[in-house]
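Notes for the structure review
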Amino acid sequence: MRNVLVTGGAGFIGSNFVRYLLRAEPDARVVNLDALTYAGSRENLRDLPGAERHVFVHGDIRDRERVGTLMHAYSVDSVVHFAAESHVDRSITGPAAFIDTNINGTFVLLEAARAAWLDGTARRTDVRFHHVSTDEVFGSLGPGEPAFTEQTPYRPNSPYSASKAASDHLVRAYGHTYGLPLTISNCSNNYGPFQFPEKLIPLMILNAVRGKPLPVYGDGLQVRDWLHVEDHCEAIHAILRRGRPGETYNVGGNNQPTNLEIVRTICGLLDERFPDSPHRPHERLIRFVTDRPGHDRRYAMDISKIGRELGWSPRHSLADGLRDTIDWYLAHPDWLAAIDAKGEFQSWLAQNYATRGTA
Ligand code: NAD
Ligand code: DAU
C-alpha cells in the first residue's frame with residue numbers, strides 16, 4: 001500500500017486531487033492534512049470514492065511535531081503539497097499569512113521529509129515530494145512575448161507569487177543539497193467544482209445567478225491560461241508517479257482568453273440556461289471596478305515538456321469546461337449554502353469590493 005500525505009486536501013484543487021488519487025490508485029491510503037482555513041471545507045470531501053482509505057487530519061503544516069508524527073505514524077512515502085494561502089487579492093491586503101504558511105509551512109514539510117526519508121544510512125529512493133506551484137512565479141508577459149517555459153527566470157510580482165517562488169526555491173534546494181527526491185509543477189489558473197467563490201469564475205457565476213454586480217478589474221483585458229481542475233489533477237498524478245526526480249513541469253490549458261471574454265461567456269451561458277431570468281441579459285451586470293494593484297497583465301504556459309515526457313495534455317475544452325462548471329454550481333445548492341453559512345464569502349465580498357471605485 002502507498003501512503004500519500006496530501007496537504008491542503010480540503011481546498012479546491014487538493015480535494016479534487018484526493019478524489020482523483022483514491023480512484024486512480026486503489027491501493028493508496030491518503031492522509032489529508034488541512035487546517036480548514038476559510039478556503040478549506042469538509043464539504044469538499046463528501047462522498048469520496050474509497051473513503052475508507054482516506055484519513056482526514058485537522059492540523060497545520062507549520063506544526064513541526066504534528067507533521068513529523070504523521071510522516072512516521074502513516075509510513076508516508078509520497079507528499080503532495082497543496083496547502084497554501086492562494087488568493088492574490090488577499091495577499092495584497094494581508095501578506096503576513098502568505099509568508100508564514102507558504103514559506104514557513106513548506107519549510108516544515110521539507111524538514112519532516114528529510115528527517116523521515118534521508119536520515120543517515122536509511123536514505124530512501126522510493127519516495128517523492130511533489131510541490132504544487134503556480135505560473136505566477138514567472139511574472140507578467142508583454143503582448144508578443146512567448147509563453148513561460150521551465151527555463152523562464154522567476155520574477156514574481158505579488159506577495160502571493162513571491163511567497164510561492166520562495167517555497168519553490170526551498171524545495172529545489174532540498175533536492176540539490178540533501179538529495180530529496182522531488183518534483184515541482186507550475187500551473188496556470190484552475191477552474192471547476194469546489195472552488196471557493198472569491199476567484200473569478202465561481203464569483204461571476206454566483207453573482208450573475210443572484211443578480212449581483214460582476215466586478216471586472218481595470219479594463220478586463222488581462223489574460224489568463226485557464227485549465228480545468230481535473231486536467232490539473234491528472235497532470236500532478238503523472239508527474240508524481242512518472243516525472244523525473246529534480247524536474248519542474250509547466251502545466252496549462254493552452255487557451256488565453258481575456259477576463260472580459262470569460263465573464264461574457266459565462267453571461268451568455270446563463271442567458272441560455274435561464275431564458276426567463278429577470279437578470280437577462282446577464283452582461284448588464286458587468287461593472288468595471290478599480291484595478292488590482294500591480295495586476296499581472298498576461299500569463300501563458302508552454303506545456304511542451306510535460307506533453308513530450310509524460311504524454312499529458314488537457315482534455316477539457318474551455319467552452320465545455322465552463323458549461324460543466326456552471327452546471328456543477330447550479331446542481332450543488334447544499335454546498336453553496338454551507339459556504340454562505342460560514343459567512344467568509346459574504347464578508348470577503350463586502351471587504352474587497354466595498355472600497356473599490358469605478359474603473
Ligand atoms: P485553496 O485556497 O482553495 O485551498 C488551500 C487549502 O490549504 C485549504 O483547504 C486550506 O484550509 C489549506 N491550508 C491553508 N493554510 C494551511 C496550513 N497552514 N496548514 C494546513 N492547511 C492549510 O487553494 P487552491 O486553489 O486549491 O490551491 C492549491 C495549491 O495550488 C496552492 O499551493 C496554490 O498556490 C496552487 N495553485 C493554485 C492555482 C489555482 O488556480 N487555484 C493554480 C496553480 C497553482
Ligand atoms: O495563475 C495561477 C493563479 O491563478 C494561482 O496561483 C492562484 O492561486 C489563483 O488564485 C489564480 O490567481 P489569479 O489572481 O489569476 O485568479 P483570480 O481568480 O483571483 O483572478 C483571475 C483574473 O480575474 C485576474 O486577472 C483578476 C481578475 N478578477 C478577479 C476577481 C476575483 C476580476 O477582474 N474581478 C474579480 O472579481
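See above for the structure.
The paragraphs below set out a description of the structure included in this document.

Definitions and cut-offs
- Residues numbered from 1 in each chain as written.
- Chains lettered and ligands numbered in written order.
- Predicted model: local features only at pLDDT ≥ 70, side-chain atom pairs only at ≥ 80, totals over all residues.
- Heavy atoms only, no water.
- Helix = DSSP H or I, 4+ residues; strand = E, 2+ residues; numbered from the N terminus.
- Rg over C-alpha atoms; globule rule 2.2 N^0.38 Å.
- Buried < 20%, exposed > 50% of the residue type's maximum accessible area, 1.4 Å probe, protein only.
- Contact = heavy atoms within 4.5 Å.
- Lys, Arg positive; Asp, Glu negative; His and termini not counted.
- Charge placed at Lys NZ, Arg CZ, Asp CG, Glu CD.
- Near = heavy atom within 4 Å.
- Polar contact = N/O pair within 3.5 Å; in protein donor to acceptor, adjacent residues only side chain to side chain.
- Areas by Shrake-Rupley, 256 points an atom, 1.4 Å probe, with all protein chains shown as cover.
- Phe/Tyr/Trp six-rings, centres within 6.5 Å; stacked < 30°, edge-to-face > 60°.
- Lys NZ or Arg CZ within 6 Å of the ring centre and 35° of its normal.
- Pairing = 2+ DSSP bridges.
- Right-handed = clockwise from strand over helix to strand, strands pointing away.
- Axes fitted to C-alpha atoms, helices over the stretch in contact; angles between N-to-C directions.

Okay, the overall build of the protein next. A count of helical and extended segments in the protein gives 12 helices and 11 strands. In terms of C-alpha radius of gyration, the protein reaches 20 Å, essentially the compact-globule figure of 21 Å for 359 residues. Scored against the burial criterion, the 359 residues of the protein give a buried share of 55%. The contacts in the protein between residues at least 6 apart in sequence include a share of 82% that link residues at least 24 apart. Separation of charge centres in the protein, based on 39 positive and 43 negative side chains, amounts to 1 Å.

Taken together, 28 residues sit near ligand 1, with I13, D34, S86, Y160 and K164 positioned nearest. One nitrogen or oxygen atom from the side chain of D60 is found 2.9 Å from a nitrogen atom belonging to ligand 1. For ligand 1, whose free accessible area comes to 830 Å², the fraction covered by protein is 96%. The set of elements that each furnish at least two residues to the shell around ligand 1 consists of helix 1 (12-24), strand 5 (128-134) and helix 5 (159-178).

Okay, the packing of aromatic side chains next. Under the counting rule described, the total for this entry stands at 14 aromatic pairs. Aromatic rings pair up to connect F138, F148, Y154 and Y299 into one cluster. Stacked on the ring of W348, the Lys or Arg R90 has its end atom at 4.3 Å from the ring centre. The side chain of R356 reaches across the aromatic face of Y217, ending 3.9 Å from its centre.

This next bit is on the pairing of strand 6 (residues 182-187). Across the 6 residues of strand 6, 6 count as buried, placing the element largely inside the fold. Covered by surrounding structure in strand 6 are L182, I184 and N186 together with T183, S185 and C187, the residues of both alternating faces. The sheet contact formed by strand 5 and strand 6 spans 6 bridges and is parallel. For V132, the partnering residue across the bridge sits in strand 6 and is S185. You can see the chain leave strand 5, run along helix 5 and come back into strand 6, and the turn it takes is right-handed. As defined by bridge partners, strand 6 adjoins strand 10 (residues 248-251) across 4 bridges and the pair is classed as parallel. Within the sheet, the bridge partner assigned to S185 lies in strand 10 and is Y249.

Our focus in this paragraph is the sheet that holds strand 1 (residues 2-7). Strand order in this open sheet of 7 strands is 3-2-1-4-5-6-10, and the pairing throughout is parallel. Looking at the sheet topology across the chains shown, the edges are occupied by strand 3 (54-58) and strand 10. Neighbour-to-neighbour, the strand axes of the sheet open up by a mean angle of 20°, direction not taken into account. Strand contacts of helix 7 (residues 229-242): strand 1, strand 4 (78-81), strand 5, strand 6 and strand 10, with the helix running at about 145° to strand 5, the strand carrying the most contacts.

Residue P281 is reached from R280 by a cis peptide bond, and omega for that bond is -10°. Inspection of the secondary structure puts P281 in the loop between helix 8 (259-273) and strand 11 (286-289). With a phi angle near 70°, F194 is a residue other than glycine that sits in the positive phi range. With respect to the helices and strands, the residue F194 is situated in the loop between strand 7 (190-191) and helix 6 (200-209). Its identity as a non-glycine residue notwithstanding, N254 has a phi of 60°, on the positive side.

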